[in-house]
Amino acid sequence: MLRRTVLASMAASLAAPALADTYPSKPINLIVPFAAGGPTDLMARIVGERMAKELGQQFIIDNTTGAAGSIAVGKAARAAPDGYTVQIGHVGTNVANGTIYKNLTYDLLTDLVPIARLPQNPMLIVSSNQLPAKTLKELVAYLKANPDKVPGGTAGMGSGSHLGALAFFAATGVTYQLVPYRGTGPAMQDLMANQIQVMVDQSSNSLPQVQAGKVRAYGITAKARSAAAPDIPTAAEGGFPMEVSIWHGLWAPKGTPADIVARLNKAAIASLQDPAIRKRLEELGQDIPTPAEMAPPAFASFQKEEYARWKKILEAANVKVE
Ligand code: ASP
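Residues numbered from 1 in each chain as written. Predicted model: local features only at pLDDT ≥ 70, side-chain atom pairs only at ≥ 80, totals over all residues. Heavy atoms only, no water.

## Quick notes on helix α3 (residues 39-55)
Residues three or four positions apart in an α-helix share a direction because the helix packs 3.6 residues into each turn.
Then, number 1: A rise of 1.5 Å per residue sets the reference length of α3, with its 17 residues, at 24 Å; its end C-alpha atoms lie 24 Å apart and thus fit the reference within 8%.
Then, number 2: Of all the bends in α3, the greatest measures close to 25 degrees and is centred on glycine 48.
Then, number 3: Of all 17 residues in α3, 12 are buried; the element is thus mostly enclosed.
Then, number 4: Of the residues making up α3, those classed as buried are Pro39, Thr40, Asp41, Met43, Ala44, Ile46, Val47, Gly48, Arg50, Met51, Ala52 and Leu55. (Helix = DSSP H or I, 4+ residues; strand = E, 2+ residues; numbered from the N terminus. Expected span 1.5 Å × (residues − 1). Bend = angle between axes of the 7 residues up to and from the residue. Buried < 20%, exposed > 50% of the residue type's maximum accessible area, 1.4 Å probe, protein only.)

## Here's the deal with the packing of aromatic side chains
Then, number 1: Counted by the stated rule, this structure contains eight aromatic pairs.
Then, number 2: Here the aromatic rings of tryptophan 247 and tryptophan 251 are separated by 6.4 Å at their centres, their planes lie at 40 degrees, and the arrangement is tilted. Each member of the pair tryptophan 247 and tryptophan 251 is classed as buried.
Then, number 3: Three or more aromatic residues joined by ring pairs form one cluster here, namely Trp247, Trp251, Phe299 and Phe302.
Then, number 4: Taking the ring centre of phenylalanine 302 as reference, the NZ or CZ of arginine 117 above it sits at 3.7 Å. (Phe/Tyr/Trp six-rings, centres within 6.5 Å; stacked < 30°, edge-to-face > 60°. Lys NZ or Arg CZ within 6 Å of the ring centre and 35° of its normal.)

## Some words on the pattern of salt bridges
Then, number 1: Scanning the model with the defined rule gives 10 salt bridges in all.
Then, number 2: Across the pair aspartate 41 and arginine 45 runs a salt bridge, and its minimum N-O distance is 2.8 Å. You can see aspartate 41 and its partner arginine 45 sitting in helix α3, four residues apart, about one turn around the helix.
Then, number 3: Given a relative accessible area of 3%, aspartate 41 falls into the buried group.
Then, number 4: Taking relative accessible area as the criterion, arginine 45 reaches 37% and is therefore assigned partly exposed.
Then, number 5: Salt-bridge contacts for glutamate 315 lead to lysine 311; the nearest nitrogen and oxygen are separated by 2.9 Å. Pair noted here: glutamate 315 and lysine 311 are both in helix α13 (residues 296-316), with a separation of four residues, about one helical turn. (Salt bridge = Lys/Arg side-chain N within 4 Å of Asp/Glu carboxyl O.)

Geometric descriptors of this kind do not, in isolation, establish any biological role.
Structure below.
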């Protein structure tokens, strides 16, 4: 009986190749939790396009926006775990939101499986060119003179630009008004048009506009200046030390077969080893993780550590959305 079962299952496995042998046989849905044209969308497009070459299938970009990415992550957590849904996210969507949003219907650490860590970038403190302040000290004085009145962009409570704003408030003792957008792509459009006036935004989104002279940069939230922007002083050089770095990653719904996760991880590693991709990312101020840091178990531990670290910071700042 046992023998017959074994033979039957052997026959079945011969007839039906393992999922990973034929994977991927159709395009893969890549859920992006923020608006098109912003930093997460850009990361998805740069890495996704190169991964698609490795995998021989396209990624279909699905920009599902709202609630700083928590709607998109819920969609990914509930999707079929068949390798055809992948979610890109960052320290906001897949870490901070777990502490900030009290009504999430999923667990960030257990309902999704990490595929690969992706690059990280510091943030730039930027303003509309129309603001009179020319240095970080002048910006802080301006905000002090107009307490909580100056409109500043964020991609929602828990987004990178919100975490950046919190670091800015803590370091300077002044605040600005938080205006939520579906991503800092659209927020940047409004900053250039002086509809909002300040933002702490990922380097990959803001640096090209600073270099084009369309917005003004006051400082970078990193220990050292960036090779991509050697003229921009660190926030510490400007008198207000603060360090925030926004890292991205890829996840799949819990239950996605391990061999498929491994296949996707391999494609992600190959894409970040490509010299042309590295150059493009480095020009945007991104630091590229090593293949060892990108391995799913290493990335899972990193995500857990970051979860605990941000939980402390956010609880101390009493940031929550009921
Ligand atoms: N990552 C967001 C975006 O792509 C921005 C943010 O988190 O601040 O728009």
